Amino acid sequence: MSTNIIIGAQWGDEGKGKIVDLLSKDSDFVVRYQGGANAGHTIKFDDKEVVLHLIPSGIFNGDAVCIIGNGVVVDPAALVDEIKGVEKIGTSLKDRFFISSSAHVILPYHKILDNVREKSRGDDAIGTTGRGIGPAYVSKVARVGIRMGDLLDDARLTELVQTNVNEINKALKHVHNEPEIDADDILFNLRPIASQIAPYICNTTTLLHKALADGKDILLEGAQGSLLDVDHGTYPFVTSSSPTAGGACVGSGVPPTAIDHAIGITKAYSTRVGNGPYPTELHDETGKKLRKNGAEFGATTGRPRRCGWLDLVALKYAVDLNGMDQLALTKMDVLDDFDEIKVCTHYLVNGEKTDVYPVETGALENVEPVYKSFPGWKASCLEASTYDELPDNAKTYISFIEEYTGSYCSIISTGPGRTQTIVR
Ligand code: GDP
Ligand code: IMO
Ligand code: MG
């Protein structure tokens, strides 16, 4: 029996989908605990490549029960599309998929607000995914949100939508100078979608407490990454939820005392989508090569990802924040043909060298990375089926990451497929 959290250790897209899929085979429950359809988790198996945005990445490997936890914000239309997509490739969700009645609902007005607020920020735009995430969490925290359980009660749903639309129309008309929206239209489109989702909605907190009492294996799947955390990330260039370990408990109802391990997922280099500080970003040919080798384009929006060397100062911060006792190091193969590989070990701040990650707003914009250089391995990591078989220079690189972070690289990923993985 174990309960483990899978957490992005960077700015998202570290390969969480692949690793959750891999570990799901030995799990009884897989639970998404925050975020929404801003996430894009890619899973490659057989001859298929599937990108999941809401359904947990455990749905294709083994028979784990997959849960959308209370901490997630659910776009019902996006979810119905995803359910259809999963069923189309022959995976049944019957008795294997549940949605927390306490998870909040994203409605069209959240997406409208997301986009008008981004527009009004001008050059300071966050570069959100436009999926309505921020405004949906605003509704939740302001205690006016609509929850999945409300979809089961039409009278309550109607009243909540009308009240919200009345308020939001004031902002659209008087603040943003945008066209108003119509509550009846929203309800007309929402009702048939709600009835398709209704069978999956239940009290998942109790389900998980029973699972814990029965000694089941539970995997808690984070979306985004630690550096996008609303509290601990590069605020305000963050998402509006808590991908970090604490968020896993809040967003699922699993207590902290039940957690055995926090497994951080990190690429062997780094990427970021959207705006915000990124000390090791490379604007040169090396950055382009990382993007090309790693096929670094957003799984949700298709935007080219910003690319750069691994930032160990930031990774160590993520390890400490989450208590990551293990790391899964992904995309090692992407570095196969580099002559030289660098990692950032320190920041220069006003000429002073430090290994402290600064949390003050804007501070990360003013650091200059200090690098340590490693010779490339110039060989295919994919050829190795055990850790020992990895090229020597690759092992030296991994050892340095372990030494620096104090965390153990228990999984080395050498390609997008399930079998392209070394588990130590
Ligand atoms: P997530 O959001 O953390 O689940 O990551 P994404 O799915 O957005 O992005 C990771 C991308 O890298 C996907 O296209 C994966 O198929 C791919 N990927 C994962 N692990 C590896 C790896 O070890 N090597 C390579 N080349 N690709 C990988
Ligand atoms: P996965 O789970 C990478 C980024 C957006 C933007 C910021 C805020 O696939 O790793 P939001 O729409 O959440 O309000 O956008 O967060 N972002 C992600 N970047 N991977 C993700 O998810 C992301 N989800 C949000 O690009 O910078
Ligand atoms: Mg992704």
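Structural data are supplied above this passage.
Residues numbered from 1 in each chain as written. Chains lettered and ligands numbered in written order. Predicted model: local features only at pLDDT ≥ 70, side-chain atom pairs only at ≥ 80, totals over all residues. Heavy atoms only, no water.

Visitor: Provide a residue-level description of unusual backbone geometry, including the pertinent values.
Guide: The amide bond that connects Tyr 235 to the next residue, Pro 236, takes the cis arrangement and shows omega of 5°. Structurally, Pro 236 is set in the loop between strand E10 (218–221) and helix H8 (245–250). Despite not being glycine, Arg 143 has its phi angle at roughly 65°, a positive value. Inspection of the secondary structure assignment puts Arg 143 in the loop between helix H4 (133–141) and helix H5 (154–175). Overall, the relative accessible area of 76% leaves Arg 143 in the exposed class. The residue Asn 350 is not glycine, and still its phi comes out positive at about 50°. Mapped onto the elements, Asn 350 comes out in the loop between strand E16 (340–349) and strand E17 (352–354). By relative accessible area, Asn 350 is classed as exposed at 76%. (Helix = DSSP H or I, 4+ residues; strand = E, 2+ residues; numbered from the N terminus. Buried < 20%, exposed > 50% of the residue type's maximum accessible area, 1.4 Å probe, protein only.)

Visitor: So what's going on with the sheet that holds E10? Which residues, and what values?
Guide: The ten strands lie next to each other as E9-E7-E5-E2-E10-E1-E11-E15-E19-E20, forming an open sheet whose pairing is mixed. With one partner strand each, in any of the chains shown, strand E9 (201–202) and strand E20 (421–423) form the two edges of the open sheet. Here strand E1 (residues 3–8) pairs with strand E11 (residues 261–267) via five bridges, running parallel. Counterpart to Ile 5 in the pairing with E11 is Ala 262. (Pairing = 2+ DSSP bridges.)

Visitor: Outline the packing of helix H10 (residues 312–322) against helix H11 (residues 392–405), listing residues and values.
Guide: The N-to-C vectors of H10 and H11 enclose an angle of 55°; their axes lie 9 Å apart at closest approach. Put simply, H10 runs oblique to H11. Here H10 and H11 pass one another in a crossing that is right-handed. Across from Leu 312, Val 313, Leu 315, Lys 316 and Val 319 in H10, the residues of H11 making contact are Phe 400, Ile 401, Tyr 404 and Thr 405. A per-class count over the contact of H10 with H11 returns seven nonpolar, one polar and one charged. (Axes fitted to C-alpha atoms, helices over the stretch in contact; angles between N-to-C directions. Parallel < 35°, antiparallel > 145°, perpendicular 65-115°, else oblique. Left-handed = near helix turned anticlockwise from the far one by under 90°. Contact = heavy atoms within 4.5 Å. Nonpolar A, V, L, I, M, F, W, Y, C, P; charged D, E, K, R; others polar.)

Visitor: If you had to explain the site of ligand 2 to someone new, which residues and values would you point to?
Guide: Looking at ligand 2, there are 20 residues lining it, with Lys 16, His 41, Thr 129, Gln 224 and Thr 239 nearest. Asp 13 places a main-chain nitrogen or oxygen 2.8 Å from an oxygen atom of ligand 2. Contact with the protein chains removes 98% of the 550 Å² of surface that ligand 2 exposes when unbound. Partitioning the shell around ligand 2 into residue classes produces seven nonpolar, ten polar and three charged. (Near = heavy atom within 4 Å. Polar contact = N/O pair within 3.5 Å; in protein donor to acceptor, adjacent residues only side chain to side chain. Areas by Shrake-Rupley, 256 points an atom, 1.4 Å probe, with all protein chains shown as cover.)

Visitor: Tell me about the pattern of salt bridges, and name the residues and values.
Guide: A side chain of one charge can pair with a side chain of the opposite charge if their charged atoms are brought near each other. Going through the model one piece at a time under the given rule, you end up with 24 salt bridges. One salt bridge connects Lys 111 with Asp 75, and the closest N-O pair in it is separated by 2.7 Å. With a gap of 36 residues between them, Lys 111 in helix H3 (residues 108–121) and Asp 75 in the loop between strand E6 (73–74) and helix H2 (76–88) connect regions that are remote in the sequence. Notably, a salt bridge pairs Lys 210 with Asp 214, separated by 2.7 Å at the nearest N-O pair. Salt bridges linked by common partners bring Asp 13, Lys 267, Glu 296, Arg 305 and Lys 331 together as one network. (Salt bridge = Lys/Arg side-chain N within 4 Å of Asp/Glu carboxyl O.)

Visitor: Any chance you could break down the site of ligand 1 for me, citing the residues and the numbers?
Guide: Around ligand 1, the surrounding shell holds 18 residues, and the nearest of these are Lys 16, Gly 17, Thr 42, Asp 333 and Ser 413. Contacts to ligand 1 include Ser 413, whose side-chain N or O atom sits 2.5 Å from an oxygen atom. Here Gly 415 contributes a backbone N or O atom positioned 3.1 Å from an oxygen atom of ligand 1. Notes on ligand 1: free accessible area 590 Å², of which the protein chains cover 91%.

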